[in-house]
Amino acid sequence: MSLVELTNGGPLAGKVRKLTILGATGSIGCSTLDVVAHQPDRFEVVALVGNRNVELLAEQAINCRAKVAVTADAGLYDALKEKLAGSGVEAAAGMGAVMEAARRPADIVVAAIVGAAGLKPTLAAAEQGTTIALANKECLVCAGEVFNSAMRKYGAQLLPVDSEHSAVFQVFEQKQRDQVDQIILTASGGPFRSATYEQLKEVTPEQALKHPNWDMGPKITIDSATLMNKGLELIEAYHLFPVEPGQLDAVIHPQSIVHSMVSYCDGSVLAQLGVPDMRTPIAYALAWPSRMPAPVERLDLAKIGQLTFEPIDSDKFPSVGLCLGCLETGGSATAVMNASNEVAVAEFLSDRIGFLGITELTREVLNEADAAGMLGNMTSLDEVSDADEFGRRKAGELAQRLQK
Ligand code: NDP
């Protein structure tokens, strides 16, 4: 096939893709549906899965003519059914229905349920050997090896949606993998990049929920403020690309224009740039191995003027080092860490612990897990669940002690 043919769409050009979205009502889900709404002839929506927001779920399902809309909350079945009445869209509810929807034949499944709750539905989707556009970080963070071996077993194709991993994916030369020096993820630095340590002690949930560049769901927005998000992304990068932990690095780039980089042994550094808008990496995953138009602002570098970079201050933001430490420890460390961070973020959002308490609590849980001999290897989903449960339980206990 010539280059011209490839750039005109490649082998899948013209094929209508059957699409399922897990986490349709969230930030990634809404952006995905917006991309799809601008390219309606390319996609046929099979299933939309959400949780509490059945009003939006029903509206989305009717607009995109989904076959089925599913809420994970069994108690909301009647509300969803009522909103879908007469639309021709099937309503379903409960975890069994979520798993069934994930298993419905689709060419691409966008995995965008937030948190560890996204793991089992994503694995259910993978069972059909389809393409998974992965936004949910926790699949790789909690269950890296277990998740990847399930992907291999079912012959599923994993495509990153996160802007940083999409950037790396776009500039990582598979044939030159032995010549890769480093993967360098960029981080905006969040809203408190210039704050002092003393100021961080006083941060409120309201302040932390205001991200300077990205419009995202609450959990990832708080993770971006603590820079835990960058730590989680480094773990994800380790599981997505053939590199060692020592080849992973992150740098602060406040403008969020360079979405990440790969450096090679000859000194070349390849980067992917674009305006900070998740619809670009989503469109890339949906159209891969081709590209398609996305409804995003074009990048105007002359208007932006300056792109700056600075190192991460590990005293103010210890979470990145904590995550890299978990990666070095291996086994269940990242699963325990992720679970305790989820609890800590929820405690912070409920104003029960302080901003610095999020990473403090997570570190404490890891110490306890180590002392209890809980950081062993994981080879099954049950072991992942055990590590997750331990992390949540210990974090819940410790949160009582750290309460303001
Ligand atoms: P949101 O909080 O905006 O949305 C979460 C989605 O998950 C909602 O549709 C929610 O449903 C659904 N959900 C929550 N709990 C359950 C459950 N138990 N079962 C089924 N569905 C559930 O999150 P984001 O869209 O921001 O993020 C989604 C994932 O993508 C996260 O893992 C995040 O880290 C990752 N990501 C997000 C980015 C972003 O820009 N937002 C960037 C890169 C990665 P409902 O709202 O109806 O309750």
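From a predicted model like this one, the values you see are computed outputs, not experimental measurements.

Participant: How do you make sense of the layout of surface pockets when you look at a structure like this?
Facilitator: The rolling of a water-molecule-sized probe over the atoms marks out the regions of remaining empty space. Taken as a whole, the second largest pocket holds about 360 Å³ of empty space. If you go around the second largest pocket, you meet 14 residues; those closest to its centre are Val36, Ala37, Asn63, Cys64 and Arg65. For the lining of the second largest pocket, the residue count by class is nine nonpolar, two polar and three charged.

Participant: What is the right way to read the sheet that holds strand β5 (residues 108–111) from this model?
Facilitator: Sheet strands pair via backbone hydrogen bonds, and the direction of the pair is either parallel or antiparallel. Read across the open sheet, the seven strands follow the order β4-β3-β2-β1-β5-β6-β7; overall the sheet is parallel. Looking at strand neighbours, the two that pair on one side only are β4 (90–93) and β7 (157–160), the edges of this open sheet. Going across the sheet, the axis of each strand differs from the next one's by a mean of 20°, ignoring polarity. In this structure, strand β2 (residues 43–50) lies alongside strand β3 (residues 68–71), joined through four bridges in parallel fashion. Looking at the pairing, Val49 lines up with Val70 of β3. Those strands touched by helix α2 (residues 27–37) are β1 (17–22), β2 and β5, and its axis lies near 160° from that of β1.

Participant: Just checking my understanding: could you explain the site of the ligand for this structure?
Facilitator: Close to the ligand lie 25 residues, the nearest being Thr25, Ser27, Arg52, Asn53 and Gly217. Within the contact set of the ligand, an oxygen atom lies 2.9 Å away from a backbone nitrogen or oxygen of Asn53. For the ligand, whose unbound accessible area comes to 900 Å², protein coverage reaches 87%. Contributing elements (two or more residues each) for the shell around the ligand: α2 and α11 (218–226).

Participant: Please explain the confidence of the model for the chain as it appears in this structure.
Facilitator: In low-pLDDT regions, the fine details of the predicted coordinates are not to be read closely. Of the residues in the chain, 97% reach a pLDDT of 70 or more, and the chain-wide mean stands at 94. Counting interchain partners and residues more than four positions distant, the pLDDT-below-50 stretch residues 1–11 has seven contacts.

Participant: Explain the sheet that holds strand β10 (residues 258–264) here, please?
Facilitator: One open sheet holds the four strands; their spatial order is β9-β8-β10-β11, and the pairing between them is mixed. On the outer flanks of this sheet lie β9 (248–252) and β11 (269–273), each paired with one strand and no other. Averaged over neighbouring strand pairs, the angle between their axes works out to 20° when direction is ignored. Bridge analysis of strand β8 (residues 180–187) against β9 gives five bridges, and the strand direction is parallel. Note that in β9 the partner of Ile183 across the bridge is Leu248. Here helix α12 (residues 228–240) sits on the sheet in contact with β8 and β9, set at roughly 145° to β9.

Participant: Hey, could you run me through the environment of Leu232 in this one?
Facilitator: Its location among the elements puts Leu232 in helix α12. With relative accessibility at 0%, the residue Leu232 sits in the buried group. When the C-alpha positions of Leu232 and Ile282 are compared, they lie 19 Å apart, and in sequence the two are 50 residues distant.

Rules and cut-offs
Residues numbered from 1 in each chain as written. Predicted model: local features only at pLDDT ≥ 70, side-chain atom pairs only at ≥ 80, totals over all residues. Heavy atoms only, no water. 1 Å grid on protein atoms, 1.4 Å probe; cavity = no way out; pocket = protein on both sides within 12 Å on 5 of 7 lines; lining within 4 Å. Points joined across faces, edges and corners; volume = space filled by probe spheres on them. Nonpolar A, V, L, I, M, F, W, Y, C, P; charged D, E, K, R; others polar. Pairing = 2+ DSSP bridges. Helix = DSSP H or I, 4+ residues; strand = E, 2+ residues; numbered from the N terminus. Axes fitted to C-alpha atoms, helices over the stretch in contact; angles between N-to-C directions. Contact = heavy atoms within 4.5 Å. Near = heavy atom within 4 Å. Polar contact = N/O pair within 3.5 Å; in protein donor to acceptor, adjacent residues only side chain to side chain. Areas by Shrake-Rupley, 256 points an atom, 1.4 Å probe, with all protein chains shown as cover. pLDDT = per-residue confidence, 0-100. Buried < 20%, exposed > 50% of the residue type's maximum accessible area, 1.4 Å probe, protein only.

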